[in-house]
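# Overview (structure and organization)
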Amino acid sequence: MRNTIVSKENLSEDVCSFIVEHPEIASHYEPGQFVIVRVHEKGERIPLTIVDADPEKGTIRLVVQGVGLTSKLMNQMKAGDRLIDLLGPLGRPFHFPADAKKGLFVGGGLGIAPLYPKVKHFEGERHVTLGAKDASHLILQKEMKAASFRLTLCTDDGSLGEKGLVTHAMQRLFDSGESFDFCVAIGPLVMMKAVVEANKALGLPTFVSLNPIMVDGTGMCGGCRFEYDGEVKFACVDGPVFDGFKVNFHDLLVRSRQYEKHECRALEHYREKKSKKESL
Amino acid sequence: MSSGRITPRMRPAKERICDFEEVSLGYTEEEAVAEASRCLLCGACVKGCPVGIDIPGFIKAIQEKDFKRGYQIIKKNNLLPAICGRVCPQETQCEAMCILGKKGDPINIGALERFLADHYADESIPRINENGHKAAVVGSGPGGLTAAFELRRAGFQVTVYEALHELGGVLKYGIPGFRLPDDVVDREIETLKKMGVEFLTSFLIGKTLTIDELLQKNDAVLIATGAGLPGYLGIPGENGIGVLLANELLTRVNLMKAYDFPRYDTPVISGKKIVVIGGGNVAMDTARVSRRMGADVVICYRREEKDMPARLEERHHAKEEGIDFQVLTNPVEILLNDEGRVRGMVVERMKITGVADDGRSRIASTKETFEMETDLVVEAIGQSPNKIIRENVEKLEFDKKGRIVVDENLKTTKDNVWAAGDIVSGAATVILAMGEAKEAARAIVEKFGG
């Protein structure tokens with residue numbers, strides 16, 4: 001049945017991977033696309049990148065890091081549960097530059113999951129650099145290792161791979177004489193901004209996948225808009241993958257803070273409700 | 001008995017701005033009969049109705065207190081009377097034709113329609129003779145629902161595809177509950193379900209399934225996806241925190257119930273002094289929703305009030321609710337603080353320079369600007385068709401404005417595909433979408449047999 005969670009795997013303490021049934025999404029999916037999910041009757045709509053799809057089995061794979069209320073609630077769901085709503089595949093598919101032979105893929109934290117389908121679908125030489133705050137947050141290591149020609153890992157605390165940021169690891173690659181036809185960078189806005197700035201200096205074309213606040217995900221509300229090359233774009237229907245050189249990251253950073261207080265309030269409310277239930 | 005028009009009772013403004021319950025209470029039986037009794041039954045009004053309801057017929061039934069018959073008469077031409085009675089712009093349609101309106105007040109046709117629909121709707125469904133054909137309807141707004149009804153009634157097996165998680169389209173996400181309660185919409189949808197129409201939510205045609213795939217499974221496809229792509233001004237500061245497009249505010253509040261956050265998970269950014277830009281019905285809805293979220297609200301409109309496309313009734317209600325109309329003002333810049341939050345808006349004062357071809361004022365800038373105090377700006381300046389179908393279909397022709405090109409029978413350039421509503425005519429009204437949907441359904445029935 002559509003929307004049913006077929007299986008679930010815990011990737012780290014707050015990151016879960018789900019295989020969800022939805023034959024139409026699975027058969028229409030192209031890399032770069034996402035879904036909108038709702039987990040309960042009073043729930044909000046959140047976008048999640050499709051990490052993989054199996055058209056034959058009619059399933060898609062989603063990787064969720066529990067940061068906000070909905071993602072935390074989703075991570076409590078089990079195999080056999082159903083997502084109340086699942087809409088997709090949304091957004092435009094991502095296509096690699098023509099004739100590209102060697103690609104640099106950079107993923108940070110939560111961006112590692114949406115980076116994976118891009119790595120997997122590139123037919124040339126795949127160089128992957130991943131970063132996270134510590135070893136336990138560096139997800140999909142096994143899949144990435146299998147998919148990459150060369151994998152570089154780094155963590156903020158040095159608990160795995162090199163200690164430091166992905167931009168440092170990239171710099172060492174460049175310094176060693178490596179060159180690439182393009183770069184795909186997915187992660188927190190500050191990371192993508194830093195990667196784009198570094199690559200701009202080298203003239204290395206860089207694609208970023210954006211994940212701003214969305215409501216409908218179909219171009220109707222305009223909540224995910226930002227400035228791109230001097231124009232207004234909607235991440236949901238014009239993206240989510242964009243040419244990083246043209247993205248106004250300042251706009252996105254400002255807009256990403258719109259609902260900070262509400263997000264805390266929603267979590268507080270949830271905890272209050274939960275503790276009330278437990279004390280009964 | 002007074003010979004003047006009877007206005008249904010309204011909840012006092014002070015009370016209604018504290019909740020999202022319906023503003024108009026509708027007629028009592030006594031009021032309905034009294035209003036109906038003013039009618040001369042001349043039938044001039046029918047010409048003004050996009051779906052051709054036998055208005056004198058149902059008014060006569062009210063005069064005779066045969067309310068059930070009255071409801072049946074409406075239902076013959078209109079699937080959604082409880083909705084149309086509430087949101088149709090009667091003053092420019094049926095009531096504009098009313099002969100009584102020439103000297104005095106026209107009959108309150110909308111309120112009478114609503115009276116019958118609210119109190120005398122029956123659960124009976126038309127008898128259906130299956131014709132063995134299948135039809136897909138894309139979109140579950142007023143156009144889609146009307147088409148589904150007509151096609152099902154003619155014997156088609158009908159599936160309606162809706163992108164959102166709720167059925168009703170603009171009736172749910174756009175028009176607020178105080179103007180059109182959700183349960184009124186749900187009741188009408190329930191009738192369709194009983195008739196055997198199948199509904200699939202969270203299905204975005206063009207993405208989840210394509211038009212060509214629908215054609216493989218159906219004899220006919222009718223596209224009624226509405227407008228759905230919001231316009232924006234393109235002025236500095238527009239992407240700051242505290243600038244929303246009306247669709248976002250309305251969707252968060254109406255569809256996602258953000259007014260009840262955190263009981264519902266979706267929040268909406270709030271303001272103390274909200275400026276709504278625009279003069280259409282969406283601007284009025286946005287302003288009145290904002291008022292109900294506890295803010296002081298100003299409407300900023302570049303022409304004069306008489307030029308506003310919004311219904312007179314909506315303007316009147318908005319004013320009663322304490323919304324300030326700042327006309328002849330045109331936004332030029334949204335001012336942001338260091339954190340990127342709205343702190344004010346610069347507007348220029350406009351002046352009238354004459355009359356445009358459409359009868360509205362022609363305006364020009366006076367070059368004089370001033371600052372409006374605000375912490376939240378909402379733009380309600382119109383919509384154009386959503387581009388998702390357009391980008392995922394072949395052989396379907398669109399015009400420069402992104403609307404689907406159709407012939408006089410609402411048939412598109414693609415075989416077995418028809419289109420109706422805002423996707424054809426640009427952003428218009430509920431009833432026009434319904435009228436077109438009916439026409440398109442009729443054309444489909446003609447081709448395949450009813």
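What you see is a predicted model; the values in this text were computed from it and never measured.

Assigned secondary structure in chain B consists of 17 helices and 17 strands. Taken against the 2.2 N^0.38 rule, which gives 22 Å for 450 residues, the C-alpha radius of gyration of chain B at 22 Å falls within 12% of a compact globule. Taken along the three principal axes of its C-alpha coordinates, chain B extends 65 × 60 × 50 Å. Burial analysis of chain B (450 residues in total) assigns 54% to the buried set. Counted over contacts in chain B with a minimum sequence separation of 6, partners at least 24 positions apart contribute 68%.

Residue and element names in this part refer to chain A. For chain A, the assigned domains read domain 1 (5-90) and domain 2 (102-256). Inter-centroid distance (C-alpha atoms) of domain 1 to domain 2 is 21 Å. Contacts between domain 1 and domain 2 engage 18 residues on the former and 20 residues on the latter. When residues of the side of domain 1 that touches domain 2 are traced back to their parent elements, those giving at least two are β1 (5-12), β3 (34-38), β4 (46-54), β5 (59-65) and β6 (85-90).

Okay, the pairing of strand β9 (residues 150-155) of chain A next. Residues and elements named next belong to chain A. Bridge count for strand β8 (residues 125-132) against β9 is six bridges, and the pairing is parallel. The residue bridging G131 from the neighbouring strand is C154, located in β9. Handedness of the crossover joining β8 and β9 through helix α4 (residues 141-147): right-handed. Of the strand pairs in this sheet, β9 and strand β10 (residues 162-163) are connected by two bridges, and their pairing is parallel. Paired with C154 across the bridge in β10 is E162.

Moving on, we come to the interface of chain A and chain B. Size of an interface, as often reported, equals the accessible area lost when the parts are brought together. The partner chain B presents 32 residues to the 38 residues of chain A that form the contact. Mapped onto the side of chain A that touches chain B, the elements with two or more residues apiece are α1 (23-28), α2 (69-75), β6, β13 (225-228), α8 (249-256) and α9 (260-279) of chain A. At six residues, β6(A) tops the list of elements feeding residues into the side of chain A that touches chain B. Its residues assigned to classes, the side of chain A that touches chain B shows 15 nonpolar, eleven polar and twelve charged.

Each value, and the rule that gives it
- Residues numbered from 1 in each chain as written.
- Chains lettered and ligands numbered in written order.
- Predicted model: local features only at pLDDT ≥ 70, side-chain atom pairs only at ≥ 80, totals over all residues.
- Helix = DSSP H or I, 4+ residues; strand = E, 2+ residues; numbered from the N terminus.
- Rg over C-alpha atoms; globule rule 2.2 N^0.38 Å.
- Buried ≥ 20, exposed ≤ 12 C-beta atoms within 10 Å, placed from the backbone.
- Contact = placed C-beta atoms within 7 Å.
- Domains from an automatic or database assignment.
- Pairing = 2+ DSSP bridges.
- Right-handed = clockwise from strand over helix to strand, strands pointing away.
- Nonpolar A, V, L, I, M, F, W, Y, C, P; charged D, E, K, R; others polar.

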